[in-house]
Amino acid sequence: MRYDHKKIEKKWQKKWKSSNLYKTKDDPKKKKSYVLDMFPYPSGEGLHVGHPKGYIATDVYSRLKRMQGFNTLHPMGWDAFGLPAENFAIKNKIHPRKAVEKNIKRFKEQLAMLGFNYDWSREINTTDPAYYKWTQWIFLQLYKKGLAYQSNEPINWCPSCQTGLSNEDLDGGLCERCGSQVEKRSMRQWVLRITRYADRLLNDLELLPKWPEHIKEAQRNWIGRSEGALVSFSLTDVPGQTSGTHQVEVFTTRPDTMFGATFVAISPELAQKWIEVGWQASKEVHEYVQKALADRITQGVKGVQEKTGIHAGISAINPANQEKIPVWVANYVLGDVGTGAIMAVPAHDERDFEFAKKYQLPIVQVVKPVYVDKINPVREGVKNTKRSIVIIAVKHWEKDLYLMNASEKYKWKILFTGGIEEGEDPVETAKREIREESGYKNFRSGRVLDFVHKDVFYAPHKGVNREVDVTNVLLELENGEMGEITEEEQALHQVSWKTREEMIQEISHDNHRFVFRYATEGGRPNDWSGTLIHSGAFDGMTSDQAKKKITDHVGGVWTTTYRIKDWVFSRQRYWGEPIPIIHCAACGVVPVPDKDLPVKLPEVKNYAPTGTGESPLAAIEKWVNVACPHCKGRAKRETNTMPQWAGSSWYWLRFMDPKNKKSFVDKKKERYWKPVDVYVGGDHAVRHLIYARFWHKFLYDLHLVSGKEPFTRLEFLGFILAEDGRKMSKRWGNIIRPDDIVKTWGADTLRLYEMFMGPFTDAIAWNTNNMIGVRRFLERVWTLRESVSAKDNRDLDAVLHRTIKKVGEDIEAFKFNTAVSQMMVFVNEAHGKVVGRAQWEMFLKILAPFAPHSTEELWTQLGYKKSIHRESWPKYSARKIKVAVTTIAVQVNGKVRGEVSLAPDAPKDDACAAGRLAVLKWLENKEEKNVIYVPGKILNFVIGE
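Residues numbered from 1 in each chain as written. Predicted model: local features only at pLDDT ≥ 70, side-chain atom pairs only at ≥ 80, totals over all residues. Heavy atoms only, no water.

Section: the nonpolar core
Formed by 188 residues in total, the largest nonpolar core has its most connected members in F139, Y651, F664, W766, F777, F843 and F850. Per element, the largest residue contribution to this core is 9 residues, and it comes from helix α24 (residues 816–830). In this view, F850 contacts V60, D748, R751, L752, M755, V807, I811, F816, A819, V820 and M823; residues no more than four positions away in its chain are not counted. Of all hydrophobic cores here, the second largest spans 40 residues; its members include V238, M258, F259 and Y288. (Core = buried A, V, L, I, M, F, W, Y, C linked by side-chain atoms within 4.5 Å. Buried < 20%, exposed > 50% of the residue type's maximum accessible area, 1.4 Å probe, protein only. Helix = DSSP H or I, 4+ residues; strand = E, 2+ residues; numbered from the N terminus. Contact = heavy atoms within 4.5 Å.)

This is the structure we're talking about:
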């Protein structure tokens, strides 16, 4: 019987569906595992092969957890509101709901063909009134708690489409739909006070140790909490105004550098506000402001490409020293960060420095760096000793290279050091030490670096606390001539020339890295703390001492600011959740009563924009005009709708209890299922995750949910790119559909290939040719059934139990590629040998999460009626793992491309066979010139093009 994937996969998908194999029951007696995908927007394009990567991963993981005895919740739903469906409806004259229904049907068909274990009885759809009733209800709780308010906010306005656009609707500052240049226009919006939760959103990241650090750092940066001073600079030389009449307020985290402020820079947005209230700016300033604001839209989130500015024609008084300094309008100052104005200190800020150099503005250093490093704790009651040393950076005589001092014995990579002997000049000490430790003889120049450097530490070998005064020296060699050095010095110092970037990356001691950066950044700004200079009465103070003293001196206020702004929570669109608010001339803003929820979208034929910037709902009078719930007088519904982010800000809770008509989630069910144990997606590092955390914390404050954070563990996947290395897109014509792959190769082959391509977090280009190896693996598994016997083959015990151990651990760690590689090792080992029935059953079980269709078929061939996916995960025997196993890196031309688990003394042929499977995509169609194998340490394939 041949492996007929079409017949097998169709057969089992039908049986699983009819038997409700994957239906999840609420069973408080069982331990639970909640595994969730970031649910998709069902576009008309359907899935391409890049989309299922995360879905396959959660499927594999959730199948493992189910076999381990967990009550597993693995649901799927649709984030189906949004602009694309509305645009499609306008263009094709079809209701967006019909378009969405068609798209969902297509997505479900594609997901079904891949054999996922979703519980479809829990399916949710954000456009279902039964769902968005509770989105509206949560919004009303936000409003009642003062967290939802109205404000005039600037929106992206397309003059051609006559509608507002979100940032996601832009393409390089142009309307994605029609290509017109987008403008900024202020309109009434609903806004959520997410800033009230800024500290908790920031601090509670510490509760998430299972989140990737780069995602947490992205959230920290998005929130952007800063402590600093609010300081007012009086304006002067303002046409028609008395000096000091007007002021500009700046926020700075470094008031200790205020004496070095040589100009004030304001954002184009702030300049525009000044113009609107009567500032008589010059024609040139007017033109610059308008161009800068237009560029803002074009640049979008990419930021400023080139720093530009214009003298505003006015001046400001630096309150620290009363000096008059110019005011500039500059594009690198952002209107929505801080106050929209900065005091510019070029000597201590990179952006200010670049701007000052470009426009030839003064640069005044006011902080001399101080480095204090405590290597070891200082001991109480122990004698203190003092010593003077040098730390030396050495520059190459011709190239931009620097000398690295490494020691294999002590495992460090540092600069050169030495003790200053009595009567010696620090530069003389530096030259002597370099001659003694490296052998280089001649020097072109040497200079002492101008900053204070101290080390304070306990020296156990001396039994004393050592206070070290460090003088830092930069030497430049004259040439490469070298003299003799002692064998002792040769053994201790391995010298090599490195680039600046390599030095910064490789230096192992923070204080040496600090010295090196300072030595090689001559003439550049530094943002380090230190001792104040050129700062009047504050000279000699440390930065920390001076910050609040100078703030008080200039009449400033110490405060905390955030980069995150309140969340503009409305769109002037039709296809979104109606905001459940009624506007009454007598009563003002009136919430829609709970009994009248949901406020449903009206069924109308025309969804075209009104041309006024309002939502198309504003033109539907029958729906808009209502009676006020309070006074029964004439009133109007809110016509703005919620953004697409609304429905995705709480959906994981609804999956716990999707049919509840009395509440958005039953409290007992929420206590059982919370939190989401593993959340998987490849986008939305900040916005969705921050919005979701915000809504969850708000519901926690109302005692409606029982946990502070919604997602315990986050796995962020790397995208699958097209074969040309670009993102798959209809625009590029490089989309590959899973339908075609499944038809030719089978769903199990696709699932295994996507998990085997490389590390889960890496972005990797698709290569259909590489499907061959995975398909052959499945075919070899299929033929192994012919070798099954009643008696176990003891020769396979060790590799089988190593495989059981590794596959289970790797799935838990989302190292799917090495799990697949290890299963391939087992099949290679078992090929041509007898396999015991018990061994065969254990192997099928660990393969089942990856290849559910073929393993189910092979399982039934053994006579079992119960699905393999309801079996228990096999346990490995440490006793049967006869030899220790080590994981070694697999390199291709010296670059790590994968890893394999092997016995430390595995023969080279076995290691090469396993290694080739782990790095198959890098070896495909390449000439293998050599293989370097060091047992237990490294395997390197040397290839040619």
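Here we look at the sheet that holds strand β41 (residues 938–944)
Spatial ordering of the open sheet is given by β39-β38-β41-β40, a layout of 4 strands whose pairing is mixed. Looking at the sheet topology across the chains shown, the edges are occupied by β39 (895–902) and β40 (927–934). Taking the axes of each pair of neighbouring strands and ignoring which way they run, one obtains an average angle of 20 degrees across the sheet. Bridge count between strand β38 (residues 886–892) and β41: 4 bridges; the pairing is parallel. Within β41, the position partnered with V890 by the bridge is L939. Of the strands in this sheet, β38, β39, β40 and β41 are in contact with helix α27 (residues 908–918), which crosses β39 at around 125 degrees. (Pairing = 2+ DSSP bridges. Axes fitted to C-alpha atoms, helices over the stretch in contact; angles between N-to-C directions.)

Some details on the packing of aromatic side chains
In total, this model carries 51 aromatic pairs according to the counting rule given. The ring of W120 has K108 lying over it, and the distance from NZ or CZ to the ring centre is 4.7 Å. Its guanidinium or amino end placed over the ring of W222, R563 lies 5.8 Å from that ring's centre, counting from NZ or CZ. (Phe/Tyr/Trp six-rings, centres within 6.5 Å; stacked < 30°, edge-to-face > 60°. Lys NZ or Arg CZ within 6 Å of the ring centre and 35° of its normal.)

Examining the sheet that holds strand β1 (residues 32–37)
Spatially, β2-β1-β32-β33 is the arrangement adopted by the 4 strands of the open sheet, whose pairing is parallel. Edge strands, defined here as strands with exactly one partner in the open sheet, are β2 (71–73) and β33 (714–716). Each adjacent strand pair in this sheet contributes to an overall mean axis angle of 15 degrees, direction not counted. Pairing analysis gives 3 bridges linking strand β32 (residues 678–681) to β33, with the strands arranged parallel. The partner of V680 across the bridge, within β33, is E715. Contacting β1, β2 and β32, helix α2 (residues 52–67) runs over the sheet at an angle of about 175 degrees to β1.

Re the side chain of T855
With respect to the helices, strands and loops of the structure, T855 is situated in helix α26 (residues 852–860). Under the relative-accessibility criterion, T855 is labelled buried at 0%. In this structure T855 touches L844, L847, A848, I868 and H869, once residues within four positions along its chain are discounted.

A look at the packing of helix α1 (residues 5–19) against α26
α26 packs onto α1 with a crossing angle of 85 degrees between their chain directions and a minimal axis gap of 9 Å. When the interaxial angle is binned, α1 and α26 end up roughly perpendicular. Seen from α1, the contacting residues are I8, E9, K11, W12, Q13 and W16; seen from α26, they are P852, H853, S854, E856, E857 and T860. For the contact of α1 with α26, the per-class residue count stands at 4 nonpolar, 4 polar and 4 charged. (Parallel < 35°, antiparallel > 145°, perpendicular 65-115°, else oblique. Nonpolar A, V, L, I, M, F, W, Y, C, P; charged D, E, K, R; others polar.)

Concerning the environment of D336
Along the chain, D336 turns up in the loop between β14 (324–330) and β15 (341–344). Along the backbone, D336 and R254 are 82 residues apart, and their C-alpha atoms lie at a distance of 20 Å.

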